[in-house]
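# A look at the structure
For reference, the chains in residue letters:
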Amino acid sequence: MSVLDNKKISFIGGGNMAQALISGLIGCGVKPELITVSAPSKETREQYDKQQMNTVDASEDPKAAVIGADVVVLAVKPQVMRQVIGEFADALDNQLVISVAAGLSTEVLSGMLNGYRNIVRAMPNTPSMIQMGATGLYGTENISAEQKQLATAVMEASGLVMWVENEEHMHAVTAVSGSAPAYMFYFIESMVDRAVALGLDQEQALALALQTMMGAAKMAMNSDDLPAELRRKVTSPNGTTQAAIESMQHNEIGRQIGEAMQACYDRSQALSEELSK
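A brief look at the structure comes next. Keep in mind that what you see is a predicted model, and the values were worked out from it rather than measured.

Our next topic: the sheet that holds strand β1 (residues 9-12). Across the sheet, which stays open at both edges, the 8 strands sit in the order β3-β2-β1-β4-β5-β6-β7-β8 with mixed pairing between neighbours. Single-partner strands in this sheet number two, and they are β3 (54-57) and β8 (159-163). Geometrically, the sheet is characterised by an average inter-axis angle of 25° between neighbouring strands, direction not taken into account. Note: strand β2 (residues 35-39) against β3, 4 bridges, orientation parallel. Within the sheet, the bridge partner assigned to Ala39 lies in β3 and is Asp57. Running over the sheet, helix α5 (residues 145-156) touches β1, β4 (71-74), β5 (96-99), β6 (119-123), β7 (133-139) and β8 and is turned about 150° from β8.

Put into structure tokens, the structure is as follows:
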């Protein structure tokens, strides 16, 4: 028996992240008829209607998706959150609210919801679209053990879930996973460009780079060794790998990665401060 059994889950917003999470939930066995999507776009609603889900025209009845729901997932852009959720705030009655909006703290969200406190803040990433996501979660002190399990189950449908005890750590989550798929894509892009310059065609270079990235990640996940030890084991003295690693160390690639993550962290903090005003 799953904690999600017979739970009614409503999504406020039907964009890419909502689609990703809904796909994961259905893949985990949640019945489409238990899912409601509230969106102002007729085209968006029709897409979900075809999948046998319930839809609500948010412009006509913003409270309809919230009333009777067990979980309400806020999946709209941070810039319009205040306007959107303010229209149904007084309809909340002990539902679990999960926000996937970047930068909005639980305190700010609570203020937008007239002091409502049953809130979990989530920072998923784009691989959630293929159920390979990594999500950081933080909940207010009002979240019960049952609601924490429920939030975990909702987000685990799309990948790995990690809870943090301090909300400030959500900025670190953003730096290490939320924004990090772009780092990986940039690394792959650079590898492909150099491989083409060395004589491979783009199709060959891309296939090899993608498989290597995926294989290295799976190997690290399945190993008892830390990444540093795995790197040491594959680096033969005076070999080709050592030449590459020494070049990276000479160019301080590790420091540059750290600085990039710090820039992400700092921008996450700044955005949070801007959105709290």
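Applying the stated rule across the entire model yields 0 aromatic pairs. A cation over a ring is seen here: Lys148 above Trp163, with NZ or CZ 4.9 Å from the ring centre.

With that out of the way, let us pick up the layout of surface pockets. In this model, the second largest pocket occupies a volume close to 770 Å³. For the second largest pocket, the lining is made up of 33 residues, of which Met17, Ala75, Val76, Lys77 and Pro78 are closest to its centre. Elements supplying a minimum of two residues to the lining of the second largest pocket: α1 (16-27), β2, α3 (78-86) and α6 (170-178). Across the lining of the second largest pocket, the residue classes break down as 19 nonpolar, 12 polar and 2 charged.

Thresholds, definitions, all that
Residues numbered from 1 in each chain as written. Predicted model: local features only at pLDDT ≥ 70, side-chain atom pairs only at ≥ 80, totals over all residues. Heavy atoms only, no water. Pairing = 2+ DSSP bridges. Helix = DSSP H or I, 4+ residues; strand = E, 2+ residues; numbered from the N terminus. Axes fitted to C-alpha atoms, helices over the stretch in contact; angles between N-to-C directions. Contact = heavy atoms within 4.5 Å. Phe/Tyr/Trp six-rings, centres within 6.5 Å; stacked < 30°, edge-to-face > 60°. Lys NZ or Arg CZ within 6 Å of the ring centre and 35° of its normal. 1 Å grid on protein atoms, 1.4 Å probe; cavity = no way out; pocket = protein on both sides within 12 Å on 5 of 7 lines; lining within 4 Å. Points joined across faces, edges and corners; volume = space filled by probe spheres on them. Nonpolar A, V, L, I, M, F, W, Y, C, P; charged D, E, K, R; others polar.

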